[in-house]
Amino acid sequence: MSSFSDAQLSRALAVLVAFHVVVIAAGKYLVQIPFQVLGLHTTWGTFSFPLVYLATDLTVRIFGKGQARKIIFLTMIPALLISYLVSILFFEGHFQGLGVLAVFNLFVFRIAFASFIAYLAGQLLDVKVFSRLREHRSWWVAPAASTIVGNLVDTILFYSIAFWASSDAFMAHHWPEIAAVDYSFKIGVSMLLFLPAYGV
């Protein structure tokens, strides 16, 4: 930490907050575009959101857990607003027009709120686990463990808050299965693509 000036820390903080917001916004769009892998349903959002965990782990490693927590708290309100706006403006990846903003959509807000709670809890847990394990002699233990635990909590909170007893009958019934597949893909992507990137 002492090797960075206040100006450098401020710039890094602004860039990382912006990065988190952009990844969350992209994820909200990409999660609406499904595809199949080995007969299992997933979305392109699976490949974007793990970037947030990579950025958080790098922040803890370089600047410390205090700066990482500051980024999370500065990001959470914009993340809530962007989650709602992107979810309501786009449906299955198609722009719906600005007219949809005139009516408050409780179903979409519930999903956005679930995303907000899941992001906050998952990221704070990621920081805590990474900080505890960062001095481990094997460089990959801290990012791997924090990603596995953070994503697990994030996934459970998001799907349960968004879809338990939901008005969407299909999601209300199938959310545990969809959550399990989503989590498996996110961990697979993180371990195969983003963990090596962290190592570099």
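Provided above is the structure to which this section pertains.
Residues numbered from 1 in each chain as written. Predicted model: local features only at pLDDT ≥ 70, side-chain atom pairs only at ≥ 80, totals over all residues. Heavy atoms only, no water.

Student: What's the story with the overall build of the protein in this structure? I'm lost.
Tutor: A count of helices and strands for the protein gives seven helices and four strands. Walking the protein from its N terminus toward its C terminus, one meets helices and strands in the order α-β-β-α-α-α-β-β-α-α-α. Here the protein has a C-alpha radius of gyration of 17 Å; the compact-globule value for 200 residues is 16 Å, and the two agree. Taken over 200 residues, the protein has a buried fraction of 45%. Of the contacts made within the protein by residues no fewer than 6 positions apart, 73% connect residues no fewer than 24 positions apart. Total accessible area on the protein is roughly 10500 Å²; 72% of this is exposed by carbon and sulfur atoms. One finds the centroid of the 12 positive side-chain charges in the protein at a distance of 12 Å from the centroid of its 9 negative side-chain charges. (Helix = DSSP H or I, 4+ residues; strand = E, 2+ residues; numbered from the N terminus. Rg over C-alpha atoms; globule rule 2.2 N^0.38 Å. Buried < 20%, exposed > 50% of the residue type's maximum accessible area, 1.4 Å probe, protein only. Contact = heavy atoms within 4.5 Å. Areas by Shrake-Rupley, 256 points an atom, 1.4 Å probe, with all protein chains shown as cover. Lys, Arg positive; Asp, Glu negative; His and termini not counted. Charge placed at Lys NZ, Arg CZ, Asp CG, Glu CD.)

Student: Help me understand the side chain of serine 115 in this model?
Tutor: Along the chain, serine 115 falls in helix α5 (residues 106-133). At 2.9 Å, the side chain of serine 115 and the side chain of lysine 28 are in polar contact. Ignoring any residue separated from it by four or fewer positions in sequence, one finds serine 115 in contact with Lys28, Ser83 and Phe158. (Polar contact = N/O pair within 3.5 Å; in protein donor to acceptor, adjacent residues only side chain to side chain.)

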